[in-house]
Amino acid sequence: MKTYKFKLYNHKRNRYLKRTINAASSIYNHCLALHKRYYRMFGKHLNKFQLMKHLAKLRNKNSYWQRVGSQAVQDICDRIDRSYKLFFKHHSKGVRPPSFCQSKKYKSFTLKQAGYQLIGNKIRIGKQTFGYSKSRVIEGKIKTLTVKRVPSGDMYIFIVTDAVSESIGVVTGKIAGFDFGLKTFLTNSNGKDIESPLFLLQAKKQLKKLSQQLSSKKLGSNNWNKARINLAKLHERVTNLRRDWFWKLSHKLCDEYDVLCFETLNLRGMQKLWGRKIGDLAFGTFLEILQTVAAMKGKQVVSIGQWFASSKLCSNCSHKHSGLQLRDREWTCLNCGTHHDRDKNAAINIQREGVSSLRLDTVRLPKEASVA
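Thresholds applied
- Residues numbered from 1 in each chain as written.
- Predicted model: local features only at pLDDT ≥ 70, side-chain atom pairs only at ≥ 80, totals over all residues.
- Heavy atoms only, no water.
- Patch = residues over 30% accessible without salt bridge, like charges linked within 9 Å, V, L, I, M, F, W, Y side chains within 5 Å.
- Areas by Shrake-Rupley, 256 points an atom, 1.4 Å probe, with all protein chains shown as cover.
- Salt bridge = Lys/Arg side-chain N within 4 Å of Asp/Glu carboxyl O.
- Lys, Arg positive; Asp, Glu negative; His and termini not counted.
- Charge placed at Lys NZ, Arg CZ, Asp CG, Glu CD.
- Buried < 20%, exposed > 50% of the residue type's maximum accessible area, 1.4 Å probe, protein only.
- Helix = DSSP H or I, 4+ residues; strand = E, 2+ residues; numbered from the N terminus.
- Contact = heavy atoms within 4.5 Å.
- Core = buried A, V, L, I, M, F, W, Y, C linked by side-chain atoms within 4.5 Å.
- Pairing = 2+ DSSP bridges.
- Axes fitted to C-alpha atoms, helices over the stretch in contact; angles between N-to-C directions.
- Expected span 1.5 Å × (residues − 1).
- Arc of directions from axis to C-beta.
- 1 Å grid on protein atoms, 1.4 Å probe; cavity = no way out; pocket = protein on both sides within 12 Å on 5 of 7 lines; lining within 4 Å.
- Points joined across faces, edges and corners; volume = space filled by probe spheres on them.
- Nonpolar A, V, L, I, M, F, W, Y, C, P; charged D, E, K, R; others polar.
- Phe/Tyr/Trp six-rings, centres within 6.5 Å; stacked < 30°, edge-to-face > 60°.

K.L.:
Teacher, can you tell me more about a negative patch on the surface here?
P.N.:
Together, Asp 193, Glu 195, Glu 330 and Asp 341 give the surface a local cluster of negative charge. What makes Asp 341 partly exposed here is its relative accessible area of 39%.

Written as structure tokens, this is what we have:
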């Protein structure tokens, strides 16, 4: 599957789509209420096909809900059904059930087989036609089309097709381990450190200024709404800059290495400890993008277990330094006397653990493959 993202041109006609999203949020909340009521009465999960039949009857009597196409209503039922199944299967692991959502926070609706038509640089949704910035040619058969609004008020369309990206990667025969850190974004096992630009930190002064302007306005007024949009646009710019850097870094790493080894981290726990810093580094988002690029180029991303003691093991003799504290950035092995940089030592151990866990029949490496 391949996803294309295009921005809709700003026009007063876009209000039609925003009202459709608000109507979709009303249907979503109604479905959740029915699920909760059904579970209280019968103690089991509501079948999504029964729910679809019920909603089809209600839509015929509710003109407001008729704004939302039948395909979008079915997608809402599918999403809620998947969320509840995931909750019942993994609730012991902390997975939460779906919750009610305010219309202003509801973001999108999805059309599958009908309800839209592409006409050159325009798209017809329902009875309205919208212009969009068609920056790329759409390849493959369209599977779904999602209309999404962002906090700044801009509208985007996401088109998913069945086009398959061809592998364009070059076999380098190199394997590398990477350690994620707060001071250094990635420490490579070959000694090349990668620093994060910290885009949120760069925009901190401007964010503070816009936040103060927003708080000084009367809640709900036109000036308050303008200040809110300005703040939202700055946050979007920070997010876009960060994602652009992630994509470029992912392509660079996948061009240099065939296998990339990373340690699995408890990002939720780290978020509680270091808060905004972890959000600015966004290591989870980086890994998602890296895996996408790696799959496209025929490379492999290996995840090491969360409880592997990468920092405490000596990369020279494998002796474990159990007394190592988080504040100790450098340490000397009590067994062999080797002096270690904490992050570099961890990267080397992650690389070796990743190599040992590889299945040779799944790795495209030549016979003379080297370890970087």
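K.L.:
It is not clear to me how the environment of Cys 333 should be interpreted in this structure. Could you clarify?
P.N.:
The residue Cys 333 is located in the loop between strand S13 (330-332) and strand S14 (339-341) in this model. On the basis of relative accessibility, which here comes to 4%, the residue Cys 333 falls in the buried class. When the C-alpha atoms of Cys 333 and Lys 277 are compared, they prove to be 31 Å apart, with 56 residues separating the residues in sequence. With residues up to four places along the chain from it excluded, the contact list for Cys 333 reads Cys 314, Cys 317, His 319, Thr 338 and His 340.

K.L.:
How should I be thinking about the nonpolar core in this particular structure?
P.N.:
Note on soluble globular proteins: their nonpolar side chains tend to be buried together. With 39 residues, the main nonpolar core has Phe 109 and Ile 125 as its most contacted residues. Every element with two or more residues in this core is listed here: strand S1 (2-7), helix H1 (15-42), helix H2 (48-61), helix H3 (70-90), strand S2 (108-111), strand S4 (122-125), strand S6 (142-149) and strand S7 (155-161). Here the element with the most residues in this core is H1; it accounts for ten residues. Filtering out sequence-adjacent residues up to four positions away, Phe 109 remains in contact with Leu 17, Thr 20, Ile 21, Ala 24, Ala 72, Ile 125, Leu 145, Thr 146 and Val 147. Ranked by size, the runner-up nonpolar core spans 36 residues in total, among them Phe 178, Phe 180, Leu 200 and Ala 294.

K.L.:
What exactly am I supposed to notice about the sheet that holds S6 here?
P.N.:
By way of backbone hydrogen bonds, the strands of a sheet pair with one another, either parallel or antiparallel. Spatial ordering of the open sheet is given by S1-S7-S6-S2, a layout of four strands whose pairing is antiparallel. The sheet is open, and its two edges are formed by S1 and S2, each paired on a single side. Pairs of neighbouring strands in the sheet enclose a mean axial angle of 20 degrees, with direction left out of account.

K.L.:
I would appreciate a short explanation of the pattern of salt bridges in the present structure.
P.N.:
One side chain can pair with another of opposite charge once the charged atoms of both are near each other. Under the defined criterion, the tally for this structure stands at nine salt bridges. Its salt-bridge partner being Asp 154, residue Lys 7 comes within 3.6 Å of it at the nearest N-O pair. A residue pair is termed long-range when its members are at least 10 positions apart, and Lys 7 in strand S1 and Asp 154 in the loop between S6 and S7 qualify at 147 residues. Classification of Lys 7 as partly exposed rests on a relative accessible area of 34%. The exposure class assigned to Asp 154 is buried, which follows from its relative accessible area of 10%. What emerges from the salt-bridge pattern is a single network uniting Lys 48, Asp 78 and Lys 112.

K.L.:
Help me understand helix H5 (residues 204-215), please; the structure alone is not making it clear to me.
P.N.:
When the terminal C-alpha atoms of H5 are compared, their 16 Å separation across twelve residues agrees well with the 16 Å that a helix rising 1.5 Å per residue should span. Where H5 is concerned, the buried positions are Leu 207, Leu 210 and Leu 214. Buried residues of H5 fall within an arc of 70 degrees about the axis and therefore sit on the same side. In this structure, H5 carries Lys 205, Lys 208, Lys 209 and Ser 215 as exposed residues pointing more than 90 degrees from its buried face. Packed against the buried residues of H5 are helix H4 (199-202) and helix H6 (222-256).

K.L.:
Help me understand the environment of Arg 136 in this model?
P.N.:
Here Arg 136 lies in the loop between strand S5 (128-131) and S6. On the accessibility criterion, Arg 136 (39% relative accessible area) is partly exposed. Beyond its immediate sequence surroundings of up to four residues, Arg 136 is in contact with Thr 3, Tyr 4, Lys 5 and Phe 6.

K.L.:
Even after reading the chapter, I still don't get empty space enclosed by the protein, so can you show me in this structure?
P.N.:
To find leftover empty space, one rolls a probe the size of a water molecule over the atoms. Counted under the stated rule, the structure contains one cavity of 30 Å³ or more. Estimated volume of the largest cavity: approximately 30 Å³. In terms of lining residues, the largest cavity is bounded by Phe 178, Asp 179, Phe 180, Phe 262, Glu 263, Leu 265 and Phe 283. When residues of the lining of the largest cavity are traced back to their parent elements, those giving at least two are strand S8 (174-180) and strand S11 (259-263). In terms of residue count, the dominant contributor to the lining of the largest cavity is S8 (three residues). Partitioning the lining of the largest cavity into residue classes produces five nonpolar, no polar and two charged.

K.L.:
Sorry, what's going on with the sheet that holds S5 here?
P.N.:
Strand order across the open sheet formed by three strands is S3-S4-S5, with antiparallel pairing between neighbours. With one partner strand each, in any of the chains shown, strand S3 (116-119) and S5 form the two edges of the open sheet. For this sheet, the mean angle separating the axes of adjacent strands, direction not counted, is 25 degrees. Pairing analysis gives four bridges linking S3 to S4, with the strands arranged antiparallel. Bridged to Gln 117 within S4 is Arg 124.

K.L.:
How should I be thinking about the packing of aromatic side chains in this particular structure?
P.N.:
Both the distance between ring centres and the angle between the ring planes are used here to describe each pair of aromatic rings. Tallying each qualifying case throughout the model produces 21 aromatic pairs. Seen in terms of ring centroids, Phe 6 and Tyr 132 are 5.4 Å apart; in terms of plane orientation they differ by 55 degrees. Their pairing is tilted. Of this pair, Phe 6 sits in strand S1 while Tyr 132 is found in the loop between S5 and S6, placing the two residues 126 residues apart along the sequence. The exposure classification of Phe 6 matches that of Tyr 132, with both residues buried.

Bear in mind that shape data such as this cannot, by itself, settle questions of function.
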